[in-house]
Every structure is written in C-alpha cells, then in structure tokens.
Amino acid sequence: MANLDLSFFSGKRVFLTGHTGFKGSWMSRILVNSGAVLTGFSLNPPTEPSLFKMSGVEDKMTSVIGDIRDFEALYKAFAEAKPEIVIHMAAQPIVRDSYKDPRYTYDTNVMGTVNILECVRLTDSVKSFLNVTTDKVYKNNEWEWGYREDEPLDGFDPYSNSKSCSELVTHSYKASFFADRDIAISTARAGNVIGGGDFANDRIIPDSIRAIAEERDIIVRNPYSTRPYQHVLEPVMAYLMIVKEQYDNKDLASWFNVGPDDCDCVTTGDLVTKFCNSWGNGLTWVNKAEKDAPHEANFLKLDSSKLKKTFGWRPTWHIDTTIDKITEWTKVYFEGDDIPSVMDKQIADFLRD
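Reading the values: the criteria
- Residues numbered from 1 in each chain as written.
- Predicted model: local features only at pLDDT ≥ 70, side-chain atom pairs only at ≥ 80, totals over all residues.
- Heavy atoms only, no water.
- Disulfide = S-S within 2.5 Å.
- Helix = DSSP H or I, 4+ residues; strand = E, 2+ residues; numbered from the N terminus.
- Core = buried A, V, L, I, M, F, W, Y, C linked by side-chain atoms within 4.5 Å.
- Buried < 20%, exposed > 50% of the residue type's maximum accessible area, 1.4 Å probe, protein only.
- Contact = heavy atoms within 4.5 Å.
- Pairing = 2+ DSSP bridges.
- Axes fitted to C-alpha atoms, helices over the stretch in contact; angles between N-to-C directions.
- Salt bridge = Lys/Arg side-chain N within 4 Å of Asp/Glu carboxyl O.
- Parallel < 35°, antiparallel > 145°, perpendicular 65-115°, else oblique.
- Left-handed = near helix turned anticlockwise from the far one by under 90°.
- Nonpolar A, V, L, I, M, F, W, Y, C, P; charged D, E, K, R; others polar.
- Phe/Tyr/Trp six-rings, centres within 6.5 Å; stacked < 30°, edge-to-face > 60°.

Q: Give me the state of the cysteines: which residues, what numbers.
A: In the structure shown here, the tally under the stated rule is 0 disulfides. Considering cysteine sulfurs only, Cys263 is the nearest to Cys265, which forms no disulfide, with 8.1 Å between them.

Q: A description of unusual backbone geometry should follow, citing residues and the corresponding values.
A: The omega torsion of the bond from Glu48 to Pro49 falls at 10°, within 30 degrees of zero and hence cis. Positionally, Pro49 belongs in the loop between β2 (37–42) and α2 (51–54). Its identity is not glycine, yet Glu215 carries a phi of approximately 55°, on the positive side. The phi dihedral of Asn281 is positive, around 60°, even though this residue is not glycine. Mapped onto the elements of the fold, Asn281 is located in the loop between α9 (268–279) and β12 (285–287).

Q: I'd like to hear about the nonpolar core, residue by residue, with values.
A: Within the largest apolar cluster, 52 residues are counted, with the highest numbers of intra-cluster contacts made by Phe9 and Ile87. Looking at this core element by element, the count peaks at 10 residues for helix α8 (residues 233–248). Sequence-distant contacts of Ile87, defined by excluding residues within four places in its chain, comprise Val14, Phe15, Leu16, Thr17, Met27, Leu130, Val132, Leu240 and Val243. One finds Phe41, Ile116, Val120 and Ile183 within the second-largest nonpolar core, a separate group that totals 22 residues.

Q: Help me get a handle on the sheet that holds β2, residues and values and all.
A: The sheet built from 7 strands is open, its strands ordered β3-β2-β1-β4-β5-β6-β10 with parallel pairing. The open sheet has two free edges, formed respectively by β3 (62–65) and β10 (255–258), since each of these has just one partner strand. Going across the sheet, the axis of each strand differs from the next one's by a mean of 15°, ignoring polarity. The sheet contact formed by strand β5 (residues 128–132) and strand β6 (residues 184–190) spans 5 bridges and is parallel. Bridging across to β6, Val132 finds its partner in Ala188. Each of β1 (13–17), β2, β4 (85–88), β5 and β6 touches helix α1 (residues 22–33); the most contacted strand, β1, lies at about 170° to it. Its contacts with the sheet put helix α5 (residues 102–121) on β1, β4 and β5, and the angle it makes with β4 is roughly 175°.

Q: So what's going on with the pattern of salt bridges? Residues and values would help.
A: A full pass over the atoms with the stated rule returns 23 salt bridges. Of the charged contacts in the structure, one is a salt bridge between Arg352 and Asp349, with a shortest N-O distance of 3.0 Å. Remark: Asp349 and Arg352 occur in helix α12 (residues 339–352); sequence separation between them is 3 residues, near one turn of the helix. Overlapping salt bridges bring together Lys325, Glu328, Lys345, Asp349, Arg352 and Asp353 as one network.

Q: Account for the environment of Ala348, with residues named and values stated.
A: In this fold, Ala348 is placed in helix α12. Put simply, Ala348 and Ile30 are 318 residues apart on the chain and 9.9 Å apart in space, counted from C-alpha to C-alpha.

Q: Pulling in residues and values, what's your account of the packing of α1 against α8?
A: Relative orientation of the contacting elements α1 and α8 amounts to 55°, with a least axis distance of 10 Å. In terms of axis orientation, α1 runs oblique to α8. Both α1 and α8 take part in a crossing whose hand is right-handed. Along the contact surface, α1 presents Lys23, Trp26, Met27, Ile30 and Leu31, while α8 presents Leu233, Pro235, Val236, Met237, Tyr239 and Leu240. Taken together, the residues that form the contact of α1 with α8 break down as 10 nonpolar, no polar and 1 charged.

Q: Talk me through the packing of aromatic side chains; I want residue IDs and the actual numbers.
A: On inspection of all chains with the given rule, the structure shows 15 aromatic pairs. Note on Phe15 and Phe41: the rings are 6.5 Å apart at their centroids and 25° apart in plane angle, and the pair reads as stacked. With Phe15 in strand β1 and Phe41 in strand β2, this residue pair connects regions lying 26 residues apart in the sequence. This pair shows no difference in class: Phe15 is buried, exactly as Phe41 is. With a centroid separation of 5.8 Å and an interplanar angle of 10°, the aromatic rings of Phe71 and Tyr75 are classed as stacked. Residue Phe71 and its partner Tyr75 are both found in helix α3 (residues 71–81); the two are separated by 4 residues, about one turn of the helix.

Note that all results are geometric; they support no functional claim without further evidence.
Pasting the structure below:
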C-alpha cells in the first residue's frame, strides 16, 4: 500500500461514524492497533452476529451509540472528542432496504452527511475529513468502461441517489465553508466490498455463508450482473491513505474512486463460483434470477486512475486472493476460534503484500 505508514495515526484524535458496521469494524481494528485516540459514533451493530463485538476493539476506543440524524447527540460526542481527523462511513447501505424505507435512507444518508459536516464546520480542531460514498453515485449507462470522477452523479435507486446527494452536500460545504480554512475535504467512492465478518442481508457473500451454515443451496438472484468486487481492506486502507496525505497537504483533497483493476470486475455468478471452489467440499450454487426484483444496475465499474496518479496507490489483492481470505476468515469463525487474531493476520498480510 503506497504512502501508508500507520504509525502516523499514533496519538491522532480520530472520529469515525459507522464504526459498528462491517467496514467500520475493520477500520476500528486498524486504528486502535495503530495507537489512534479513536471515537466512534454509530447505531448499535447492524447485524447479529456482529463483527464489531467480535473484533475486540470496544474497550480500546470511545464507542458512542447514537443516530447521525440526531445532531445534538452527534455534536456532543464530536465536541468531547475534539478530532483532528473525521471519517464518515455511517449510512443505510442496502439497495433493497432503500426501496422498503426511502425516507429513512434519505434522512440517514443525506441529513446525516449535513450533520457531520456541520460538526466539522463548528469545530476548529479538524484538519482532515473524508466522506465515504459508493460507486453507485454515478448515472449508470451500463457502458463497458469505468466511471471517472467527473461523470454525472445521479444514482437510480433511493440508496444510490441518496449517496449522490451526500456527495453534492459535501461539495457545497467544501465550497461554502472550507475554502478559506485549513481543512482538507474529500470523498471516496468505493466498489462492492467483500470480506470476512460481513453478516448483512442481501449481499452475495454473506448470503452464501449463511447457506453453508444452514446446509442449504446457495441462491444467486443476479448471476450476470458485473460488479467491481474488492476486499474490505482495499478501500479501508485507501481511506486512511487519503486522510493521512491530505492532513499535511490540503491540495491533495478531492473526489476519488477506489475500485479494483478490470480483471477483478466479475459477474456475481463467477464470484460465487470462485467462492465455492475456494471453500471446497463440492460446494455449488443455484441460479434463481428474479423476474420482478427491484432495479439494480447490471454493469458497473470504476476508473481509479486519479487515485493512482495522486497517491501512487494500487490495488493489493486480486479477486482470487480476496476470496481465499474470506474463506480463511469464515472457517476461523465457524470453528469458534480467535477473530481478532485472524483480523490482525490479514491486516499484516495486506500491508506486507
């Protein structure tokens, strides 16, 4: 991982929203191991089992359970933390759930972004802010090439559209309030993130793992949809790289895609086949494409040239390694072994590779 010396975070006051989620738990583990003075603000863990509870970080940080729609509670935690670095990952992240409850999705993803940026605006200690969004912010034309940061933002479904709005809110705050202040403001748009410890509903790898645990068929509902799959440590380490580098050089702040190379943009069917092969034991999957399913894009990938050019970044693990790491993590979980240790091992492997 280019330009990422994690010792930078030792003693730094970091405020992380969404710390109890899947990506947030991996981020928290890295930051506490790096010696950061970490405050997390989030709802209770979104799944049971919970990676956050397994990860062994709760007693090594200040974990505040709260709703980012509640500005007063958020600002109270923020003021007490006096952060230098702010990473905003709290969100309603599931496309299908956004169809079920669009108002909650917009409240969380749009007004939650307004609230955290208000906290930054009202606080003198912050030097580096990153809003984490998604590859789905783009108006999806389902073309063959990757989307670049200057493409139109216009997500289709309520989740994707709310994240497009979150980007625009960040752009407005940056122009309106931070142009003349020593605060670096960036956003990062990541592809589909997979990895050990994701227990969310309506995500293909967690669904596959649940099927194994319950000894039933793995069901794939969109086997021909192409997505930019990447291990969770790819974007998490990229986020840390961005906030670190812009901390000392505000001119580096911008909008960045964080996606895998083209060879790792695969169909959902191919992804599950790779997972079955990695798992072994003759594991297979069943195609049950849904005729009346809510709209989801069929083809989507990112062009991450800007991130590569700006920071010298490159992806570390290709898709086959990513799948093997998920298998490794999950087998440790199924055997009831030491989750913090396997997380630390994979973090060390990633940094070494």
